[in-house]
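# Structural features, examined
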Amino acid sequence: MATAVTDSSTSVDLDVKRQEILAKAEAAGLRLVRFLYCDNDGIIRGKSSGMSGLNDRLESGIGLTLAMQAFTMLDHLATVDGMGPVGEIRLVPDPTTFTIAPYAPHTGTVLVDMQTLDGKPYAADGRAFLKRMVARAAEHDLALLAAFEPEWSLARKEGEQFVPIDDSGCFTSTGMNIAAPVIDEIVAALESQGMVVEQYYAELGWGQQELSIRFAPALQAADHHILYRETVRGVALDRGLYASFAPKPWVDQAGNGCHLHFSGWSRDQTVNRFYDASGEYKLSSLARQFMAGILEHLPALVALTCASVNSYRRLQPQMWASAYRAWGPDNREGALRVASPFKGHEAESVNVELKSSDSSANPYVSLAGVIAAGLDGVERKLTLPPAVTVDPHTLDEGERAKIGADRLPTSLKDAIQNLKRDDLLLKAMGERLATSYIAVKELDVDAFANADEAFEFRQHIYKY
Ligand code: GLU
Ligand code: MG
């Protein structure tokens, strides 16, 4: 009985939400609404609905060939059983994600769930994977709050070349002045869609920017990262500029990370369960177990969080990108950095940052993988190795071995090999998602192995 009531009230809410979308679309004079998803290879794709029929499409979705979750970032189709030319799924909007796109005329956007024709979650959908992991965390009275912290590079296209917009330095006001007009529009465009801007600065690399938005519950944080990528690229393009989220857009410049901050709260989001006033670095034992789980699975997990061939050019020692399976307080060379909490607000601000993360990942898949690994640490009560308080690259091999601070995989190929051996992650992903994800990545690995370096850079620079 209780379930029936919940179900019907949820569907009433969704109905109300859909009516709100129609009203907003009409008031804004929209002509198209984009139904957007992120595919297995981290590419944001979608189809648009016109205004006539939007009402029905908001409810029943738009059809998509089953093949698309086997598509790569090069638009090659990987060979996966049941993901060929025959068969369809539906892209069904989550009406809570509707926004009006400030970067495209008369256009709205809505993020979708992939559903089978009979309305069930599609097993190869990354967003469904994240929803499952959020539900599993809830069984532990845990709600993850998360923030993707993206770096990206502003470029101009000169002929076939992408060229950074400036050669300004790290945190320089010169860099901020050069980018100011486009950054101003980006901030306005993000905030008009409900994302709250936290910090902005010119980063180290030429043309490189970092602009962070406020944390949110896990699913919304991943949704926001999709909208964020769309918005930054869209606004830049309006001004004739290209925003590159490639992990390493140019060989001689700093890489673009997308560090992932997270903390584990009680299910009702009132208590930060990662905080313990008496714990080392104010970390609770739950937080330590969660981190231990991430470190345990990291050699495979990076296949989800550093998800492109190009990712592994970024993941090098002494680039502040993290190259070792290590953690430490404010250690920017370790994979996990415990961010120092704010004085007087320790209980709310204790959080952990995964540095081995970039924007070529599908944010739903990467965050779901992080939660699966963290929960494994909690369930098995894993022990965190000692904190590393120096750059792990400066330790000798033996010292690193003693604390398990292994070098992370140096290629997507190796990361995928590790993923294929990580039963916990494979099981969490489920057979359909794991198989298609791995097939897509392996096709990329092959395609780039057979091409030169210039092809790799050219193909990654404006895909994410
Ligand atoms: N650009 C560095 C990376 O690739 C991060 C620099 C920093 O913000 O610490 O992750
Ligand atoms: Mg940075």
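Residues numbered from 1 in each chain as written. Chains lettered and ligands numbered in written order. Predicted model: local features only at pLDDT ≥ 70, side-chain atom pairs only at ≥ 80, totals over all residues. Heavy atoms only, no water.

Our next topic: the site of ligand 1. Surveying the vicinity of ligand 1 reveals the residues Glu151, Glu203, Glu210, Gly255, Gly257, His259, Arg314, Trp320, Ala321, Arg332 and Lys355. Note that an oxygen atom of ligand 1 is positioned 2.7 Å from one of the side-chain N or O atoms of arginine 314. Interatomic distance of 3.2 Å between a side-chain N/O atom of lysine 355 and an oxygen atom of ligand 1. Here ligand 1, which alone exposes 300 Å², has 89% of that area covered by the protein. (Near = heavy atom within 4 Å. Polar contact = N/O pair within 3.5 Å; in protein donor to acceptor, adjacent residues only side chain to side chain. Areas by Shrake-Rupley, 256 points an atom, 1.4 Å probe, with all protein chains shown as cover.)

Another aspect to go through is the nonpolar core. Among the nonpolar cores identified, the biggest contains 104 residues, and Trp152, Phe262, Phe290, Ile294 and Leu419 are the most heavily contacted of them. With 13 residues, helix 6 (residues 285-305) is the single largest residue contributor to this core. Contact partners of isoleucine 294, with chain neighbours within four places excluded, come to Phe262, Leu301, Leu336, Leu354, Val370, Ala373 and Gly374. Grouped together as the second largest cluster of nonpolar side chains are 27 residues, Ile62, Leu91, Met114 and Val440 included. (Core = buried A, V, L, I, M, F, W, Y, C linked by side-chain atoms within 4.5 Å. Buried < 20%, exposed > 50% of the residue type's maximum accessible area, 1.4 Å probe, protein only. Helix = DSSP H or I, 4+ residues; strand = E, 2+ residues; numbered from the N terminus. Contact = heavy atoms within 4.5 Å.)

Time to look at the confidence of the model for the protein chain. A low pLDDT score tells you not to read the predicted coordinates there in detail. Summary statistics for the protein chain give a mean pLDDT of 95 and a share of 97% for residues scoring 70 or more. Below a pLDDT of 50 lies the segment residues 1-9, which in the model reaches zero contacts outside its immediate sequence neighbourhood of four places, other chains included. (pLDDT = per-residue confidence, 0-100.)

Bringing the coordination of the magnesium ion (ligand 2) into the picture now. Looking at the metal site, the magnesium ion (ligand 2) is ligated by Glu151 (OE), Glu203 (OE) and Glu210 (OE), spaced 2.0 to 2.1 Å from it. Sequence spacing of the donors to the magnesium ion (ligand 2): E-x51-E-x6-E. Taken as a pair, glutamate 151 in strand 7 (residues 143-158) and glutamate 210 in strand 10 (residues 208-213) lie far apart in primary sequence, 59 residues in all. (Donors = N, O, S within 2.8 Å, 3.2 Å for Na, K, Ca; no water.)

Attention now goes to the environment of asparagine 418. In this structure, asparagine 418 sits in helix 11 (residues 412-421). Sequence separation between asparagine 418 and histidine 297 is 121 residues; the distance between their C-alpha atoms is 9.0 Å. Among all residues touching asparagine 418, those that are not within four sequence positions of it are Pro299, Ala300 and Pro409. For asparagine 418, the side chain forms a polar contact with the main-chain oxygen of proline 299, separated by 3.0 Å.

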